[in-house]
Amino acid sequence: MSDAALPARTPDARGPQPVEVALLASVFVVAACGLVYELSAAALSSYLLGDSVLQFSTIIGTYLFAMGVGSWLSRYFDRQLPAHFLRIELMVALIGGALPAILFLANAYVPGAFRLLLYGLVMVVGTLVGLEIPLVMRILKRNIVLKNLVSQVLTFDYLGALAVSVAFPLILVPQLGMIRTGLLFGFMNAAVAVWALWLFRHELRRIGAHALACFLSLAALLAAFVWADHITTLAEDKFYQDRIVFSATSPYQRIVVTRGLLGHRLFLNGNLQFAERDEYRYHEALVHPVMAAQGAPKKVAVLGGGDGMAVREILKYPSVESVTLVELDPNMTRLFTEHETLAALNGHSLSSPKVKIVNTDAFQWLQQPGGSSAAGPSQGASAPSGGSEPREAGSVGVDDLYDVIVVDFPDPTNFAIGKLYTNSFYALLEKRLSASGYAVIQTTSPLVARKSYWTVATTIESVGLRATPYHAHVPSFGEWGYIIASRRPYRMPDALPAGLRFLSPSTLPLMFDFPLDMARVPTEVNRLSNQILVTTYEQEWGKVMAH
């Protein structure tokens, strides 16, 4: 019987009927599930492809377009609407719930097909989700007048979306991980199908077949949820090749530590951050040219560098009284403080009484007067205390100044990180440097990403600081670049701490010499309003990855 053949009924004065309440609750669940699949696809594409703004924009746009297609197709469903709704729920549950797992596996085993599969799945899930709400509304209009129907359905739809938009980054992904989050909401979609099976049991034909489909779908999703860790391991073992000794998903990134013949390696969102066999080259080159040149640095800040390797090198200077480590992700600092093997790599530097850890955004930390005392939760020892005269809010006093600031952020693969390479950021950094202080910024490869490298130099100079570029060869990364920012001209140090494995006073000057293929090129200033560096970086490294 078509829904057109059903007589319209006036809403019962006694209030909403159980079927209406159940279907409106289903709208809440359906909206929540649909948004989870959308956010999962966007987040995964951002993790694996970089450029979060581009990925979120294209995924959300494709998903909304697919929902429009689904809504348009719903006009062709005339009979047995509850049966169609039930089938669509099961398809959304299976395809949407498995979407994160499928994409993880595809990235590991068939990376060349990842984009095609990503947008194909988004189109399929979006189309199915676009079919759901029109079908629910046509089923509900048997009992609810149109004016109330539209307002009630949209209210529950938006409430479901709100609940998930808050829970997804704060609770679901940190606690369950991406794969289990998708499977959990797939299970919820399948539960809606079971609810529909019960509500419309008197209308459905072949109810046994529908019941079997619901049972098999729930069983498959439950089994996948239980074995989610094995799915993740299967994908990551293939992707990383070496044995994974630690993995975790935080609200900010995917953290993976592997161990192979060449030692431990740290990956953030699939990008290599250090390799045990040659990290000493990277960190000695990052820290010692500025620490030794400053003379006798007492107060040091490290922005990023939650692995503690840079702090390890800083603590080799007896003059250092305090080190403030500003790291966004508390999972990183906790891991490299408490994990015995990884803490040994940084010489247990994060447990030093001289070190104070502040888990907050470095941009916000620089904006706050008082620095570590004014921004975010902290762990570790408190910095040496001292009195200071009252000052106006927003001003920077002598206690906020640092002799050396080490900036060790990941490369600018997206706009969230790209803001930490803008002139706005360096203007804040300049205010925290003492008169004789130096800041050093890790700055990607001047050979592979030549224009990106010199963009950072141009941006530093735009805020009135001197930029002194240098580079070092790190086998895991290739030719790697750094830039010193200071008010005074850089002075080459005469001595370095004993026991270094890479740097020496005689070889240090060679790092400041650039061959022709890494020489300076004209570049623009990287601003918050344009973030030209992110685009340039993606273009230059994209050419390398394409080969």
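Residues numbered from 1 in each chain as written. Predicted model: local features only at pLDDT ≥ 70, side-chain atom pairs only at ≥ 80, totals over all residues. Heavy atoms only, no water.

## Observations regarding the sheet that holds strand 1 (residues 243–249)
Just so we agree on the cut-off: Paired strands are those between which DSSP finds at least two bridges. Every helix listed is a DSSP run of H or I at least four residues long, and every strand listed is a run of E at least two residues long, numbered separately from the N terminus. The convention used is that axes are lines fitted to C-alpha atoms, helices contributing only their stretch in contact, and that angles between N-to-C directions extend from 0 to 180 degrees.
Judged by pairing direction, the sheet is antiparallel, and its 4 strands sit side by side in the order 1-2-3-4 without closing on themselves. The open sheet is flanked by strand 1 and strand 4 (271–275), the only strands paired with a single partner. Going from strand to strand, the sheet's axes swing by 20° on average, the running direction of each strand aside. Bridging between strand 1 and strand 2 (residues 254–260) involves 6 bridges; their strand directions are antiparallel.

## Notes on the side chain of Thr181
Cut-off, in case you're wondering: Counted as a polar contact is a pair of N or O atoms within 3.5 Å, where, for protein atoms, one must be capable of donating a hydrogen and the other of accepting one, and residues adjacent in sequence contribute only when both atoms are in side chains.
Structurally, Thr181 is set in helix 5 (residues 146–199). Separated by 2.7 Å, the side chain of Thr181 and the backbone oxygen of Gly177 make a polar contact.

## Considering the pattern of salt bridges
Our working definition: When a carboxyl oxygen of Asp or Glu lies within 4 Å of a side-chain nitrogen of Lys or Arg, that pair is called a salt bridge. A simple rule labels every residue: compare its accessible area, found with a 1.4 Å probe on the protein chains alone, to the largest value its type can have, and call it buried under 20%, exposed over 50%, or partly exposed in between.
Scanning the entire structure with this criterion turns up 10 salt bridges. Salt-bridge contacts for Arg312 lead to Glu313; the nearest nitrogen and oxygen are separated by 3.0 Å. Across this residue pair, the class does not change: Arg312 and Glu313 are buried. The residue Glu430 makes a salt bridge to Arg487 at a minimum N-O spacing of 3.1 Å. One end of the pair, Glu430, is in helix 14 (residues 423–432); the other, Arg487, is in the loop between strand 12 (478–486) and helix 16 (532–546), and 57 residues separate them in sequence. Take Glu430: its relative accessible area is 22%, and that puts it in the partly exposed class. Judged by relative accessible area, Arg487 falls into the partly exposed class, the value being 33%.

## A short note on the packing of aromatic side chains
Our working definition: Pairing of aromatic rings covers Phe, Tyr and the six-membered ring of Trp, with a centre-to-centre limit of 6.5 Å; geometry is then stacked below 30 degrees between planes, edge-to-face above 60, and tilted otherwise.
Within the structure shown, the criterion is met by 20 aromatic pairs. Their ring planes at 65° and their centres at 5.5 Å tell us that Tyr438 and Tyr490 sit as a pair that is edge-to-face. Taken together, the positions of Tyr438 in strand 10 (residues 433–442) and Tyr490 in the loop between strand 12 and helix 16 put the pair 52 residues apart, joining distant regions of the chain. Given the relative accessible area of 15%, Tyr490 is considered buried. Ring geometry for Tyr453 and Trp454: centres 5.0 Å apart, planes at 90°, overall edge-to-face.

## Here's the deal with the pairing of strand 9 (residues 402–408)
With 7 of its 7 residues buried, strand 9 lies for the most part within the structure. The pairing of strand 5 (residues 299–304) with strand 9 spans 5 bridges and is parallel. The residue of strand 9 that forms the bridge with Leu303 is Val407. Strand direction decides the pairing type here: strand 9 and strand 10, joined by 5 bridges, are parallel. By the bridge assignment for strand 10, Ile405 is matched with Ala439.

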